[in-house]
Amino acid sequence: MLEINQFRYSPFCIKVRLPLGAKELEYRTFEITSAIGQIGIFQKTSKKKLPFLCDKAKARCDSNSIIRYLEQLKSESRLIPENSKEESHTKIIVQILLWQTL
């Protein structure tokens, strides 16, 4: 099962949870405490940023990298266009929408 280490209200974590729901993938979330909780993430990944996705033995950081991985896991319900120009437009629109919700 997929596991997401996150700050619940982080726009980057929301950005990852939306495709998880849209693709109907099962996952668990783990809320990380600011600063102290990030030490454990740093020990696992050498990065302090969230979200952090664990899938079996693999770990991924960075919301864009995680979303690309989710597209590979369940490619029949694509959320990101294969055309690079359209993909760039999609990323910009998602960022704008996320920042408007804050």
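Residues numbered from 1 in each chain as written. Predicted model: local features only at pLDDT ≥ 70, side-chain atom pairs only at ≥ 80, totals over all residues. Heavy atoms only, no water.

1. With respect to the overall build of the chain
Then, in step 1: A count of helical and extended segments in the chain gives four helices and four strands.
Then, in step 2: Scaling as 2.2 N^0.38, a compact globule of 102 residues should have a C-alpha radius of gyration of about 13 Å, and the chain matches this with 14 Å.
Then, in step 3: Taken over the C-alpha atoms alone, the chain extends approximately 40 × 30 × 20 Å along its principal axes.
Then, in step 4: Nonlocal contacts in the chain, meaning residues at least 24 apart in sequence, comprise 58% of its contacts between residues at least 6 apart.
Then, in step 5: Carbon and sulfur atoms provide 55% of the accessible area of the chain, an area that totals close to 6,800 Å². (Helix = DSSP H or I, 4+ residues; strand = E, 2+ residues; numbered from the N terminus. Rg over C-alpha atoms; globule rule 2.2 N^0.38 Å. Contact = heavy atoms within 4.5 Å. Areas by Shrake-Rupley, 256 points an atom, 1.4 Å probe, with all protein chains shown as cover.)

2. Some remarks on the pattern of salt bridges
Then, in step 1: Taken as a whole and judged by the stated rule, the model has three salt bridges.
Then, in step 2: A salt bridge links Glu3 to Arg28; its shortest N-O distance comes to 2.6 Å. In this pair, Glu3 is assigned in strand β1 (residues 2-6) and Arg28 in strand β2 (residues 27-31), connecting sequence segments 25 residues apart.
Then, in step 3: Looking at Glu3, the relative accessible area reads 22%, which means it is partly exposed.
Then, in step 4: In this structure, Glu31 and Arg8 form a salt bridge, with 3.8 Å as the shortest nitrogen-oxygen distance. (Salt bridge = Lys/Arg side-chain N within 4 Å of Asp/Glu carboxyl O. Buried < 20%, exposed > 50% of the residue type's maximum accessible area, 1.4 Å probe, protein only.)

3. Observations regarding the pairing of strand β4 (residues 58-61)
Then, in step 1: Here strand β3 (residues 52-55) pairs with β4 via four bridges, running antiparallel. Residue pairing across strands places Leu53 opposite Arg60, the latter belonging to β4.
Then, in step 2: Here β3 folds back onto β4, and the loop between the two strands holds two residues, one of which, Lys56, carries a positive phi near 55°. (Pairing = 2+ DSSP bridges.)

4. What about unusual backbone geometry?
One can expect most non-glycine residues to show negative phi and most peptide bonds to be in trans.
Then, in step 1: With an omega dihedral of 10°, the bond running from Leu50 to Pro51 counts as a cis peptide bond.
Then, in step 2: Not every positive phi belongs to a glycine, and Glu24 is a case in point at roughly 55°.
Then, in step 3: One non-glycine residue, Asp62, lies in the positive phi region at around 80°.
Then, in step 4: Within the secondary structure layout, Asp62 lies in the loop between β4 and α3 (63-73).
Then, in step 5: Here Asp62 falls in the partly exposed class, since its relative accessible area comes to 43%.

5. Here we look at helix α1 (residues 11-22)
Then, in step 1: The end-to-end C-alpha separation of α1 is 17 Å, in line with the 16 Å expected for 12 residues at 1.5 Å each.
Then, in step 2: Of the positions making up α1, those classed as buried are Pro11, Cys13, Ile14, Lys15, Val16, Arg17, Pro19 and Leu20.
Then, in step 3: Downstream of α1 by a residue or two, Glu24 has a phi angle that is positive, lying close to 55°. (Expected span 1.5 Å × (residues − 1).)

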